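Each chain, written out:
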Amino acid sequence: MPILLVTGSSGLIGSEVCRFFAREDFAIHGVDNNQRACFLGSAGDTRWNQARLGKEIPNFVHHELDIRDRQGVLDLLAKIKPDGIIHTAAQPSHDRAAAIPFDDFDTNAVGTLNLLEAARRACPESPFIHMSTNKVYGDRPNTLALKELETRWDYADKAYEHGIAEDFSIDQSTHSLFGASKVAADVMVQEYGRYFRMPSCVLRGGCLTGPNHSGVELHGFLSYLVKCNLEGKEYRVFGYKGKQVRDNIHSEDVARFIHSFFHAPRVAEVYNLGGGKDNSCSLLEAFKLAEKFSGKPMKYSYVDESRIGDHICYYSDLRKMKAHYPNWAITKSLEQTISEIVESWKTRIS
Ligand SMILES: NC(=O)c1ccc[n+]([C@@H]2O[C@H](COP(=O)([O-])OP(=O)(O)OC[C@H]3O[C@@H](n4cnc5c(N)ncnc54)[C@H](O)[C@@H]3O)[C@@H](O)[C@H]2O)c1
């Protein structure tokens, strides 16, 4: 039975990947120590998802391991020699990182290095798939010419009509400490690919979302926005008139891409993995969609100051992914995704 190692297995993407590969009779080894609750507080706790995996997947083995524990990571990979490594564990919040810079860098950058080196020693032929972020581009997308529409910003330059592609510069811009620690990991994964010829890829996520997200104000905007809507709680908009644009991809479509790459791996590839223009929305547009599916009015307030390094308009150019993996496409529309998030929160907060 092939073995898959998934770090961050109790999180949004990690858990989806575990469930996806379990359908193909993989033995799944999950690594997660619920660090999310330490980073983001009890609302960010992912134990519920860990328990669900244990119930749903017969061949699931949980490892209560911190990826910062270098010897623990080296020992685990030497022992199980996985056929694939999907690395989704991270300090995920752009805003939180400034308060916990050592934890952020040690987890995102050094934790990734621990896993790469452990993989090189134990199973260099196994695909290594790393979740990066569009924050590696820093706030450079904000230097693009924009046009202001009634409910959103959009790119004014035709060159970006399909969104931001992978050759966009990651240099000389404000990233947030989170963006910078993710740059270190992103480049290190590419380096282990090119230098050691290890099959590897970096997925620079837009907004990854879905019904299993434990969204909080500091991370997971769509999940948190829907939760606020259902609870009648005020959502705070930070700057850009609420017209800031994010592209949203359902975690199942993320898992499907990871699966495609795993079965036809390449070396040191980089992909911008988001919902693309079709699944993009501004905050104002997201409010309307949440109201449509919940039937409840959205309460929000406006803070006239944007988050440091926050994008005004970002959507991923998906053409490279589609060219390399023509059988992959987005299958969940933004509306479907939001309706699933509404239904999931209804059961989780009741
Ligand atoms: N969700 C998004 O919108 C988004 C966007 C862009 C990129 N990403 C990236 O995708 C990846 C997955 O994101 P997600 O939304 O599933 O995150 P998540 O927070 O839902 O899950 C991450 C999991 O990793 C675990 N973890 C954190 N630090 C750990 C450590 N030191 N040792 C062991 N486990 C640890 C957490 O407990 C959590 O369960 C991350 O790398 C994130 O930066 C996410």
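Residues numbered from 1 in each chain as written. Predicted model: local features only at pLDDT ≥ 70, side-chain atom pairs only at ≥ 80, totals over all residues. Heavy atoms only, no water.

1. Details of the overall build of the protein chain
A count of helices and strands for the protein chain gives 11 helices and 14 strands. Relative to the 2.2 N^0.38 estimate, which gives 20 Å for 350 residues, the radius of gyration of the protein chain is 19 Å and therefore close to what a compact globule would have. Of all 350 residues assigned to the protein chain, the portion counted as buried reaches 60%. For the protein chain, the proportion of contacts with a sequence separation of at least 24, taken over those separated by at least 6, is 83%. Per element, the accessible surface of the protein chain, about 14100 Å² overall, is 51% carbon and sulfur. Seen as two clouds, the 42 positive and the 45 negative side-chain charges of the protein chain have centres 2 Å apart. (Helix = DSSP H or I, 4+ residues; strand = E, 2+ residues; numbered from the N terminus. Rg over C-alpha atoms; globule rule 2.2 N^0.38 Å. Buried < 20%, exposed > 50% of the residue type's maximum accessible area, 1.4 Å probe, protein only. Contact = heavy atoms within 4.5 Å. Areas by Shrake-Rupley, 256 points an atom, 1.4 Å probe, with all protein chains shown as cover. Lys, Arg positive; Asp, Glu negative; His and termini not counted. Charge placed at Lys NZ, Arg CZ, Asp CG, Glu CD.)

2. Overview of the site of the ligand
Near the ligand you find 32 residues, and of these Asp 32, Arg 36, Asp 66, Lys 182 and Gly 206 are the closest. Between an oxygen atom of the ligand and a main-chain N or O atom of Leu 12, the distance comes to 3.0 Å. A distance of 3.0 Å separates an oxygen atom of the ligand from a polar backbone atom of Leu 208. Coverage of the ligand by the protein amounts to 97% of the 830 Å² it exposes when considered alone. Of all the secondary-structure elements, those providing two or more residues to the shell around the ligand are helix H1 (12-22), helix H2 (35-40), strand E5 (128-133), helix H6 (176-196) and strand E9 (207-209). A per-class count over the shell around the ligand returns 12 nonpolar, 15 polar and five charged. (Near = heavy atom within 4 Å. Polar contact = N/O pair within 3.5 Å; in protein donor to acceptor, adjacent residues only side chain to side chain. Nonpolar A, V, L, I, M, F, W, Y, C, P; charged D, E, K, R; others polar.)

3. Quick look at the side chain of Thr 7
Its location among the elements puts Thr 7 in strand E1 (residues 3-7). Given the relative accessible area of 0%, Thr 7 is considered buried. What Thr 7 contacts, discounting residues up to four positions off in sequence, is Val 31, Ile 67, Ile 86, His 87, Thr 88, Ala 89 and Leu 115.

4. Thoughts on the sheet that holds strand E4 (residues 84-87)
Pairing in this open sheet of seven strands is parallel, and the strands run E3-E2-E1-E4-E5-E8-E12 from one edge to the other. Only two strands of the sheet have a single neighbouring strand rather than two, namely strand E3 (60-63) and strand E12 (269-273). On average, each strand axis in the sheet is tilted by 20° relative to the strand beside it, whichever way the strands run. Here H1 sits on the sheet in contact with E1, strand E2 (27-31), E3, E4 and E5, set at roughly 165° to E1. Along the sheet, helix H5 (residues 101-122) contacts E1, E4 and E5; its crossing angle with E5, the most-contacted strand, is approximately 165°. (Pairing = 2+ DSSP bridges. Axes fitted to C-alpha atoms, helices over the stretch in contact; angles between N-to-C directions.)

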